[in-house]
Amino acid sequence: MLDTQIPARLARVTKRYGAITALNDVDIALQPGETLALLGPNGAGKTTAIRALLGIIAPDSGTATLFGKSPRTAVNRNRVGAMLQVSGVPATLTVREHVRLFSSYYPHPLPVAETITIAGLRGLENRLYGQLSGGQKQRVAFALAICGDPDALVLDEPTTALDVESRLALWAQIRSYVARGRSVLLTTHDLAEADALADRIAVLFGGKIVAEGSAAQIKARAGGSTVRCTSGLDDERLHAIAGIDAIRRADGVIRLTTHDADAVVRALYQTDPTFTLLDVADTPLEEAFLALTRTPASQEITV
Amino acid sequence: MIAQITMNETRAELTKFARLPAYVIPTLAFPVAFYSFFGLVMNGSQHIGTTSVAAYMLATFGAFGVVGCALFAFGVSVAMERGQGWLLVKRASPMPPAAYFIAKVLTMMAFATVIVAMLCLLAVEFGGVRLAPSGWLALVAALILGSIPFGAIGLAIGFVAGPNSAPAIINVIYLPMSFLSGLWIPVEGLPPFIAHLAPFLPTYHLGQLALGTIGPGHGSALTHILVLVLWAVAGAGAAAYGMKRDEGRTYG
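Residues numbered from 1 in each chain as written. Chains lettered and ligands numbered in written order. Predicted model: local features only at pLDDT ≥ 70, side-chain atom pairs only at ≥ 80, totals over all residues.

## Focus on the overall build of chain A
Then, in step 1: Within chain A one finds eleven helices and 13 strands.
Then, in step 2: In terms of overall dimensions, chain A has C-alpha extents of about 70 × 40 × 35 Å along its principal axes.
Then, in step 3: Scored against the burial criterion, the 303 residues of chain A give a buried share of 45%.
Then, in step 4: Across chain A, contacts joining residues at least 24 apart in sequence account for 70% of those joining residues at least 6 apart. (Helix = DSSP H or I, 4+ residues; strand = E, 2+ residues; numbered from the N terminus. Buried ≥ 20, exposed ≤ 12 C-beta atoms within 10 Å, placed from the backbone. Contact = placed C-beta atoms within 7 Å.)

## Quick notes on the sheet that holds strand 5 (residues 80-83) of chain A
All names here are of chain A.
Then, in step 1: Within the open sheet, the six strands sit side by side as 5-6-7-3-8-9. Their pairing is mixed. Two strands close off the open sheet at either side, each with one partner strand: strand 5 and strand 9 (208-213). Looking at each pair of strands side by side, their axes are set apart by 15° on average, direction ignored.
Then, in step 2: Looking at chain direction, strand 8 (residues 200-205) and strand 9 are connected through five bridges and run antiparallel. (Pairing = 2+ DSSP bridges. Axes fitted to C-alpha atoms, helices over the stretch in contact; angles between N-to-C directions.)

## Topic: the interface of chain B and chain A
Then, in step 1: Counting from both sides, the interface comprises 26 residues of chain B and, opposite them, 27 residues of chain A.
Then, in step 2: Broken down by secondary-structure element, the contributors of at least two residues to the side of chain B that touches chain A are helix 1 (2-18), helix 4 (86-92) and helix 11 (221-249) of chain B.
Then, in step 3: When residues in the side of chain B that touches chain A are grouped by element, the largest group, seven residues, is from helix 1 of chain B.
Then, in step 4: Within the side of chain B that touches chain A, the residues separate by chemical class into eleven nonpolar, nine polar and six charged. (Nonpolar A, V, L, I, M, F, W, Y, C, P; charged D, E, K, R; others polar.)

## A look at the pairing of strand 10 (residues 225-230) of chain A
Residues and elements named next belong to chain A.
Then, in step 1: Sheet analysis places strand 10 next to strand 12 (residues 253-258), joined by five bridges and oriented antiparallel. Along strand 12, the bridge assignment pairs valine 227 with leucine 256.
Then, in step 2: As defined by bridge partners, strand 10 adjoins strand 13 (residues 276-282) across six bridges and the pair is classed as antiparallel. Residue pairing for strand 13: valine 227 is matched across the bridge by valine 280.

## Describing the pairing of strand 7 (residues 183-188) of chain A
Residue and element names in this part refer to chain A.
Then, in step 1: The buried count for strand 7 comes to six of six residues, which makes it a mostly enclosed element.
Then, in step 2: Across the two faces of strand 7 the burial is the same, with Ser183, Leu185 and Thr187 and Val184, Leu186 and Thr188 all buried.
Then, in step 3: Of the strand pairs in this sheet, strand 6 (residues 152-156) and strand 7 are connected by five bridges, and their pairing is parallel. Note on strand 7: the bridge partner recorded for valine 154 is leucine 185.
Then, in step 4: Once you follow strand 6 into helix 6 (residues 164-178) and on to strand 7, the crossover reads as right-handed. (Right-handed = clockwise from strand over helix to strand, strands pointing away.)

## Focus: the confidence of the model for chain A
For residues with low pLDDT, the predicted coordinates do not support detailed interpretation.
Residue and element names in this part refer to chain A.
Then, in step 1: The share of residues in chain A with pLDDT of 70 or more is 91%, and the mean pLDDT across the chain is 87.
Then, in step 2: Model confidence for chain A, summarised as mean pLDDT per element, is weakest for helix 11 (residues 285-294) at 63 and strongest for helix 3 (residues 95-103) at 96.
Then, in step 3: Confidence drops under pLDDT 50 across residues 295-303; counting only partners more than four residues distant or on other chains, this segment forms twelve contacts. (pLDDT = per-residue confidence, 0-100.)

## Some words on the nonpolar core
Then, in step 1: One finds A:Ala143, A:Val154 and A:Val203 to be the most contacted residues of the largest nonpolar core, which totals 80 residues.
Then, in step 2: For this core, the leading source of residues is helix 5 (residues 134-146) of chain A, giving seven residues.
Then, in step 3: Counting 65 residues, the second-largest nonpolar core is a separate cluster that includes B:Val66, B:Ile115, B:Leu209 and B:Ala210. (Core = buried A, V, L, I, M, F, W, Y, C linked by C-beta atoms within 7 Å.)

## Some words on helix 5 (residues 97-127) of chain B
Then, in step 1: In this model, helix 5 of chain B (31 residues) spans 43 Å end to end at C-alpha, consistent with the 45 Å of a helix rising 1.5 Å per residue.
Then, in step 2: Directly beyond the C-terminal end of helix 5 of chain B, a positive phi value near 60° is found at B:Gly128. (Expected span 1.5 Å × (residues − 1).)

## Things to note about the environment of B:Ala198
Residues and elements named next belong to chain B.
Then, in step 1: Examined against the element boundaries, alanine 198 turns out to sit in the loop between helix 9 (192-197) and helix 10 (202-214).
Then, in step 2: Owing to 20 C-beta atoms within 10 Å, alanine 198 belongs among the buried residues under this scheme.
Then, in step 3: For alanine 198 and serine 178, which are 20 residues apart along the polypeptide, the C-alpha to C-alpha distance reads 9.6 Å.
Then, in step 4: For alanine 198, the residues in contact, after removing those within four places along its chain, are Leu180, Ser181, Gly182, Val187 and Tyr204.

## What about the sheet that holds strand 12 of chain A?
Residues and elements named next belong to chain A.
Then, in step 1: The four strands are arranged 11-12-10-13 in an open sheet whose pairing can be described as antiparallel. Two strands close off the open sheet at either side, each with one partner strand: strand 11 (244-250) and strand 13. Here the strands of the sheet are splayed against their neighbours by 20° on average, with no regard to which way each runs.
Then, in step 2: Across the sheet, helix 10 (residues 261-271) is in contact with strand 10, strand 11, strand 12 and strand 13; its angle to strand 10 comes to roughly 15°.

## Re unusual backbone geometry
All names here are of chain A.
Then, in step 1: The phi torsion at arginine 12 lies on the positive side, around 50°, for a residue other than glycine.
Then, in step 2: Under the C-beta neighbour-count criterion, arginine 12 is labelled partly exposed, with 13 such atoms within 10 Å.
Then, in step 3: Backbone geometry at glutamate 157 places phi at a positive 45°, although glycine is not the residue there.
Then, in step 4: Topologically, glutamate 157 is positioned in the loop between strand 6 and helix 6.

## A look at the packing of helix 3 (residues 53-83) of chain B against helix 6 (residues 133-146) of chain B
All names here are of chain B.
Then, in step 1: Direction vectors running N to C along helix 3 and helix 6 enclose 25°, while the axes themselves pass 9 Å from each other. In terms of axis orientation, helix 3 runs roughly parallel to helix 6. Judged by the twist between their axes, the crossing of helix 3 over helix 6 is right-handed. Across from Ala59, Gly62, Ala63 and Val66 in helix 3, the residues of helix 6 making contact are Leu139, Leu143, Ile144 and Gly146.
Then, in step 2: Here the residues of the contact of helix 3 with helix 6 are counted per class, giving six nonpolar, two polar and no charged. (Parallel < 35°, antiparallel > 145°, perpendicular 65-115°, else oblique. Left-handed = near helix turned anticlockwise from the far one by under 90°.)

## Structural notes on the environment of A:Asn126
Residues and elements named next belong to chain A.
Then, in step 1: Structurally, asparagine 126 can be placed in the loop between helix 4 (112-118) and helix 5.
Then, in step 2: We classify asparagine 126 as exposed; it has 9 C-beta atoms within 10 Å.
Then, in step 3: On a C-alpha basis, the gap between asparagine 126 and tyrosine 177 in space is 24 Å, while along the polypeptide they are 51 residues apart.

Okay, structure coming up:
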């Protein structure tokens, strides 16, 4: 595929802030028409990746391109809409004034009324931004991202801090935009969100892409539960039990990472009379990412 | 296209500020209150040389007013928009950066015009100030165009200082600088060592440039204009440096 058709790409991008390496040799490309989720815990480098892609920070090495060219060229800015994490938007302008102003930046914007409808802001047009709820504010940010009718959308943690209702509403709005054949790159620290929206997931951890694949593939590796137990079985015997992804021992307690806790517990009761179950809990995502970085196989699940 | 975006941007800026009484009232009310008190009520009938205090202080409090409006309109708003990430959203959009800055300049000049107009009305109505049409024109032009270097200085503070410290820094600079350069009390009335320091401050040159248009200014207008242009260039340069530095530093 021609480079100019790739909506967004980071090629071997490294970005350091003093002693911290925010991005470490990151290679990632958003394909036309797909929704790609950049999944990772806080501090993984997601926001830095987005900012490098949009040309608002300069990488130390490597290149960021939009449609094969520098993100800073005017023509490329016209083809991309961005929703960034912002703590303050001018509070004394109305929703319509904000949308109308941003629309005027683009050569071929959507009609203001259509943007407002897609973003679910009808009835709020004349409300001052400062009077909106958190969910409504996020929808304004979404409206500003789509108002130029861009070919690609870049959304940095679009639903963070939203309640469930607002979150589902924003998901629906993102999906309706994708249905128009546009490409979307979004970041999230929530596997469920990546699963709900994305065709493909890239896991960013510690500034590196540690896994890349379909939602199902990533879920199989990263999701699941942790079974805490005591058992007389050694590591080798435990590995023989289907469904155990990782084993860790500390202070006589064994922590098993698995994506089928029921089957694992059943098998352990059958094979080990000394087995005692302590508890089963969802694996915290941070731990799952750590497991991913430790498993050599994680590098191979690229599609 | 750029002209149209600049106009939209300016309209949005004006609307934004007009709905923000916390900005509008102090910016407009302070120079009016100070001028009314010091220039009209207390000393209005007295003279400095051959110039009435009402006319003299129209020039100096006019300078005080536009400097404050420029420093705050630029410094505080840019520092806030930068600190909250709003500037990043604008920079990620196709908005031409020039439109953002020109809109801020035009907004600042609009507020400066309102301040100068109010002071001129007070001066004519209650201070008996009479100038030739060319005199009015020169005074108003000196004050409104003279606000631009202070916009540049404000911009530099906005890009270098944090969003919370910018208003404090501007107050610390603005009030002493205005006093030391003779905007409150004529330079002649200041202690000699302060009067010697005054020419190092940009506010001194704006004050003297404005005074020159009605008579009693020190130094040549050309020198004042040159110094103010240099301050404008220095401010814009420092702002550009701060903006560049943001690109390497912004965390995420």
